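Structure at a glance
If you want the building blocks of each chain, they are given just below.
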Amino acid sequence: MKALVAVKHVVDFNVKVRVKSDKSGVDIAAAKMSINPFDEIAVEEAIRLKEQGIVSDILVVSCGASPCQQTLRTALAMGADRAILVETSAELQPLAVAKLLQAVMKQEQPQLVILGKQAIDDDCNQTGQMLAALTDLPQATFASKLTIEAEQATVTREIDGGLETLSFTLPGIITTDLRLNEPRYVTLPNIMKAKKKPLETLTPEQLGVDVTPRIKTLAFNEPPTRKAGIVVADVATLVDKLKNEAKVI
Ligand code: AMP
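Since the model is a prediction, treat every value here as computed from it, not as a measurement.

**Some details on the overall build of the chain**
Check the secondary structure of the chain and you find 7 helices and 13 strands. Taken over the C-alpha atoms alone, the chain extends approximately 65 × 45 × 40 Å along its principal axes. For the chain, the proportion of its 249 residues judged to be buried stands at 40%. Of all intrachain contacts in the chain linking residues separated by at least 6 positions in sequence, the fraction that spans at least 24 positions is 70%.

**A short note on the site of the ligand**
Lining the immediate environment of the ligand, one finds 18 residues, of which Asp39, Cys63, Ala119, Asn125 and Thr127 sit closest. A distance of 3.0 Å separates an oxygen atom of the ligand from a polar backbone atom of Ala6. In this structure, an oxygen atom belonging to the ligand sits 2.7 Å away from a side-chain N or O atom of Thr127. Expressed as a share of its isolated accessible area of 490 Å², the protein-covered part of the ligand is 98%. The set of elements that each furnish at least two residues to the shell around the ligand consists of strand S6 (57–64) and strand S8 (112–116). By residue number, the principal contributor to the shell around the ligand is S6, which donates 3 residues. For the shell around the ligand, the per-class residue count stands at 8 nonpolar, 7 polar and 3 charged.

**Points about the pairing of strand S11 (residues 162–169)**
Relative to S11, strand S10 (residues 152–159) runs antiparallel, the two being bridged by 8 bridges. In the sheet register, Arg157 faces S11, and the bridge partner there is Glu164. Between S10 and the antiparallel strand that follows it, S11, lie 2 residues.

**Some remarks on empty space enclosed by the protein**
All told, the structure shown has 1 cavity of 30 Å³ or more when counted by the stated rule. The volume enclosed by the largest cavity comes to roughly 70 Å³. The wall of the largest cavity is formed by Glu91, Gln93, Leu95, Ala96, Lys99, Asp210, Val211, Thr212, Pro213 and Arg214. Its residues assigned to classes, the lining of the largest cavity comprises 4 nonpolar, 2 polar and 4 charged.

**Section: the pattern of salt bridges**
For the structure on display, the rule yields 15 salt bridges. The partner of Asp57 in a salt bridge is Arg82, and the shortest N-O contact between them spans 3.6 Å. Taken together, the residues span a long stretch of sequence, with Asp57 in strand S6 and Arg82 in strand S7 (residues 82–87) at a distance of 25 residues. Neither residue differs from the other here; Asp57 and Arg82 are each classed as buried.

**Topic: the side chain of His9**
When you line up the elements, His9 lands in strand S2 (residues 9–11). The buried category is assigned to His9, whose relative accessible area is 12%. Here Pro67 takes part through its backbone oxygen, which lies 3.3 Å from a polar atom of the side chain of His9. Discounting chain neighbours no more than four positions away, the residues touching His9 are Met33, Ser34, Ser62, Pro67, Cys68, Gln70 and Thr71.

What counts and how
Residues numbered from 1 in each chain as written. Predicted model: local features only at pLDDT ≥ 70, side-chain atom pairs only at ≥ 80, totals over all residues. Heavy atoms only, no water. Helix = DSSP H or I, 4+ residues; strand = E, 2+ residues; numbered from the N terminus. Buried < 20%, exposed > 50% of the residue type's maximum accessible area, 1.4 Å probe, protein only. Contact = heavy atoms within 4.5 Å. Near = heavy atom within 4 Å. Polar contact = N/O pair within 3.5 Å; in protein donor to acceptor, adjacent residues only side chain to side chain. Areas by Shrake-Rupley, 256 points an atom, 1.4 Å probe, with all protein chains shown as cover. Nonpolar A, V, L, I, M, F, W, Y, C, P; charged D, E, K, R; others polar. Pairing = 2+ DSSP bridges. 1 Å grid on protein atoms, 1.4 Å probe; cavity = no way out; pocket = protein on both sides within 12 Å on 5 of 7 lines; lining within 4 Å. Points joined across faces, edges and corners; volume = space filled by probe spheres on them. Salt bridge = Lys/Arg side-chain N within 4 Å of Asp/Glu carboxyl O.

These figures come from the coordinates and say nothing about function on their own.
What follows is the structure in structure tokens.
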């Protein structure tokens with residue numbers, strides 16, 4: 001079984017980003033970049049399925065500018081078999097990424113497609129769902145447990161009221177939640193080995209996909225700085241302030 005895993009190159013989760021002075025975006029020029037944490041979990045899950053003998057070939061795909069190769073190499077060092085970079089310097093919104101992944105799926109015919117539930121830079125949580133709609137395939141989002149038996153995928157999802165279990169026949173699309181697994185560390189020998197694994201570069205034009213953004217971002221703003229708290233003398237004062245100043249009760 002072939003698995004396709006979508007991996008996004010994002011600002012590392014430890015980096016504190018700042019809005020550019022002209023509010024046109026976030027300044028990431030010198031920021032440390034990494035594989036999106038949910039995508040790292042997606043790659044780990046594909047590798048575990050390969051170790052169980054269920055998956056035989058893991059293809060990782062990233063869409064964006066050429067530095068995305070670093071994230072693809074990380075996924076290859078973890079254990080993916082080959083990589084495709086859909087290279088473009090254009091701003092990519094979830095619909096464009098979903099269309100690019102759909103085009104790659106058409107060429108590669110994977111039975112299993114795994115994405116992260118969301119990218120930590122844009123927090124859209126849309127690409128997997130859009131891809132399922134475009135390809136008309138079943139989807140199970142926010143997977144916290146996955147088992148595959150005889151072409152049947154069973155996915156446990158954490159929802160407000162508890163756990164939901166879904167089952168569908170592959171091919172299908174799964175998006176990962178944080179609790180699905182704990183990704184392995186990449187070892188130095190595997191980083192060296194990953195340099196020799198195949199990494200193909202395609203362009204949106206070659207895939208016949210128009211990636212023109214559909215949404216225009218008007219401005220980015222820093223979140224308001226939090227005011228310092230105060231200590232109140234007693235519960236009565238607290239209730240009074242909540243009622244008359246904060247007006248929340
Ligand atoms: P989003 O809908 O932007 O929150 O992203 C959800 C998931 O879609 C991510 O966790 C990735 O698996 C995938 N994805 C989003 N953007 C890209 C990209 N540029 N390249 C590869 N995968 C992506």
